[in-house]
Amino acid sequence: MIKAIVFDLDGTLLDTSRDIRFVLNNSLAKFGLPPVSSGALRAMLGDGAYNLVSRAVPAGRRDLVQAVYEDYVPAYASHDNSRTVLYQGEDGALKRLKAAGVKLAVLSNKPQDATLACCRDKLGEYGFDMVVGQGRFPLKPDPSALYYMMDSLGVGKDECLFTGDGETDINTARNAGIQCVSVLWGFRSREQLAAAGGTLFAENYTQYLQILQQKFLLNA
């Protein structure tokens, strides 16, 4: 029986792409670098802020990666997240999971301060039991943070489910030895996720709950 669900944040619980792009392009502009498009940004996300900035800085200006990164991280952490939204059907799904007694947690490669700010501003009403961002542990797909979270939540591998929209999330769950549900409303396609080893796919939060009920016998 699943007792806890650990969610990725960007592209899974929150569509943060507009805010990320807004802040990132402001940081790039300060150093005379070209902006990234919304389409290009989607492929850059998922592996932490440094990798995001590194991918956004043109190949001929690698000397500016660290400077852009140092500008972007505090700027995004203090940003108002006004363009960030939940996905359709998410409000009801999270409330049903919480009412069913499932422990809810967030594990993100986003820096800790920004992760906490996003969760406070957009997810505060849902009573997440634990929120962990980049900082204390290695980035996903290293399973160290997930092991710590399962121990803190008091659940075993067969009682914990990982949910995310990226290849990194599939690999994190695999490395930790737990099941993963891949969501298709985020920043990767079904084909990309299947190529990474994904086997369970939800097209929306309604289907996500159906998978939990049918595959994991979760009464939510």
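This is a predicted model, so every value here is computed, not measured. (Residues numbered from 1 in each chain as written. Predicted model: local features only at pLDDT ≥ 70, side-chain atom pairs only at ≥ 80, totals over all residues. Heavy atoms only, no water.)

Enquirer: Hey, could you run me through the pattern of salt bridges in this one?
Expert: For side chains of opposite charge, pairing can occur when their charged atoms come near one another. If you walk through the whole model with that rule in mind, you get 15 salt bridges. The partner of D121 in a salt bridge is R120, with the nearest N and O atoms 3.1 Å apart. By relative accessible area, R120 is classed as exposed at 58%. For the salt bridge of K140 with D169, the shortest nitrogen-to-oxygen distance reads 2.9 Å. Note that K140 is positioned in the loop between β3 (130-134) and α7 (144-153) and D169 in helix α8 (residues 167-176), a separation of 29 residues in sequence. In this structure, K140 and D169 share a single accessibility class: buried. Three or more residues are tied together by salt bridges with common partners; here these are D8, K140 and D169. (Salt bridge = Lys/Arg side-chain N within 4 Å of Asp/Glu carboxyl O. Buried < 20%, exposed > 50% of the residue type's maximum accessible area, 1.4 Å probe, protein only. Helix = DSSP H or I, 4+ residues; strand = E, 2+ residues; numbered from the N terminus.)

Enquirer: Just to check I follow, could you spell out helix α10 (residues 205-216) for this structure?
Expert: The α-helix winds at 3.6 residues per turn, so residues separated by three or four positions along the chain end up facing the same way. An ideal rise of 1.5 Å per residue puts 16 Å on twelve residues; α10 measures up with 15 Å between its terminal C-alpha atoms. Among the residues of α10, Y205, Y208, L209, I211, L212 and F216 are the ones counted as buried. One side of α10 carries all its buried residues, which in axial view fall inside an arc of 155°. Those residues of α10 that are exposed and angled more than 90 degrees off the buried face are T206 and Q214. Along its buried surface, α10 packs onto β1 (4-7), α5 (90-99), β4 (160-164), β5 (179-183) and β6 (201-202). Looking at where α10 begins, the residue whose side-chain oxygen comes 3.1 Å from the main-chain nitrogen of T206 is N204. Just downstream of α10 lies L217, where phi reads positive at about 55°. (Expected span 1.5 Å × (residues − 1). Arc of directions from axis to C-beta. Contact = heavy atoms within 4.5 Å. Polar contact = N/O pair within 3.5 Å; in protein donor to acceptor, adjacent residues only side chain to side chain.)

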